[in-house]
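Here is what each chain is made of, one letter per residue.
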Amino acid sequence: MSKCEQCIVREFSSLKALNKNELLKLANCKSSYTIKKGEPIFSEGEKIQGIFCIKDGVCKMTKLSENGNEQIVKLIAKGELLGQRSLISEEPVNLGAVALEDMEVCFIPKAEVMGFFNENNEFSMNVMRTICGDLKSADDHLVNMAQKSVKQRLAELLLYLHDKFGTNEDKSLKIKLSREEMAGIIGTATESCIRLLSEFKKKGVIEISGKKIILADIAGLKSV
């Protein structure tokens with residue numbers, strides 16, 4: 001049995017369509033890395049020569065604006081793949097990927113991925129479904145930015161972090177984002193984000209201790 005065959009996270013991505021022989025081929029060609037918190041997996045504009053499978057940890061996908069500010073476009077958790085769209089379109093990546101915590105990442109070379117894509121119809125359909133899902137998410141994000149207030153977007157972000165990534169034993173959000181990172185995600189100034197968090201705290205819907213945030217009233221946040 002190969003490690004790829006035993007790996008549970010592949011069941012959460014396009015790789016679940018691979019058969020036993022393809023998984024053995026995958027095990028023989030992949031490379032495994034440890035990415036430390038704050039380190040890049042790849043940078044915006046880079047021409048990557050394969051895809052990355054997130055075995056453990058969370059990273060942020062970022063876009064640099066013309067004035068050098070970092071916009072966080074989305075967060076990626078274990079089990080997901082990075083670089084599929086870039087590989088199919090044969091274009092440089094349009095987002096950078098930076099570890100939010102220590103990560104375990106596997107890299108699968110382009111030749112093997114394209115072999116699977118051309119020979120395994122279920123795998124290629126999974127890849128295309130994922131790319132379509134990313135496009136839908138991008139459309140939804142555009143609508144949210146245009147139609148929802150900053151306060152609504154912040155409430156939505158806190159609920160998303162709670163539902164997607166879970167909490168620690170003390171009930172604080174497992175993913176700790178800086179105020180700058182939160183502001184970047186919801187598209188506002190850092191000062192506005194800090195002010196709204198204070199407002200949520202005064203209303204009793206969240207508790208704040210340093211970087212830790214606890215959702216004290218989830219129903220109250222949903223009503224926002």
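Thresholds applied
- Residues numbered from 1 in each chain as written.
- Predicted model: local features only at pLDDT ≥ 70, side-chain atom pairs only at ≥ 80, totals over all residues.
- Heavy atoms only, no water.
- UniProt positions renumbered as here; feature names shortened; annotations may be inferred.
- Helix = DSSP H or I, 4+ residues; strand = E, 2+ residues; numbered from the N terminus.
- 1 Å grid on protein atoms, 1.4 Å probe; cavity = no way out; pocket = protein on both sides within 12 Å on 5 of 7 lines; lining within 4 Å.
- Points joined across faces, edges and corners; volume = space filled by probe spheres on them.
- Nonpolar A, V, L, I, M, F, W, Y, C, P; charged D, E, K, R; others polar.
- Pairing = 2+ DSSP bridges.
- Contact = heavy atoms within 4.5 Å.
- Axes fitted to C-alpha atoms, helices over the stretch in contact; angles between N-to-C directions.

Peer 1: Got a minute to help me understand the UniProt feature "domain: Cyclic nucleotide-binding" (unreviewed entry) in the protein chain in this structure?
Peer 2: Look at the UniProt record and you will see "domain: Cyclic nucleotide-binding" (unreviewed entry) annotated at residues 14-110. Each end of residues 14-110 is marked by a C-alpha atom, and these two atoms are 15 Å apart; helix forms 18% of the span and strand 42%.

Peer 1: Whenever I open this one, the layout of surface pockets confuses me. Can you help?
Peer 2: Taking a probe equal in size to a water molecule and rolling it over the atoms shows the remaining empty space. Within this model, the largest pocket holds a volume of roughly 1,300 Å³. Considering the residues around the largest pocket, the lining is formed by 43 residues, among which Val73, Lys74, Asp134, Ser137 and Ala138 are closest to the centre. Across the lining of the largest pocket, the residue classes break down as 20 nonpolar, twelve polar and eleven charged.

Peer 1: Explain the sheet that holds strand E3 (residues 50-56) to me, please; I cannot follow it from the model alone.
Peer 2: Backbone hydrogen bonds are what pair the strands of a sheet, in a parallel or an antiparallel way. In space, the four strands of this open sheet follow the order E1-E8-E3-E6, with antiparallel pairing throughout. On the outer flanks of this sheet lie strand E1 (31-35) and strand E6 (81-82), each paired with one strand and no other. By the bridge criterion, two bridges tie E3 to E6 in an arrangement that is antiparallel. When the bridges of E6 are listed, Phe52 appears paired with Leu82. Its contacts with the sheet place helix H4 (residues 110-119) against E3 and strand E8 (103-109), and it is angled at close to 70° to E8.

Peer 1: Would you take a moment to explain the sheet that holds strand E2 (residues 40-42) for this structure?
Peer 2: Spatial ordering of the open sheet is given by E2-E7-E4-E5, a layout of four strands whose pairing is antiparallel. On the outer flanks of this sheet lie E2 and strand E5 (70-76), each paired with one strand and no other. Neighbour-to-neighbour, the strand axes of this sheet turn through a mean angle of 35°, independent of strand direction. Sheet topology places E2 next to strand E7 (residues 96-99); two bridges connect them, and they run antiparallel.

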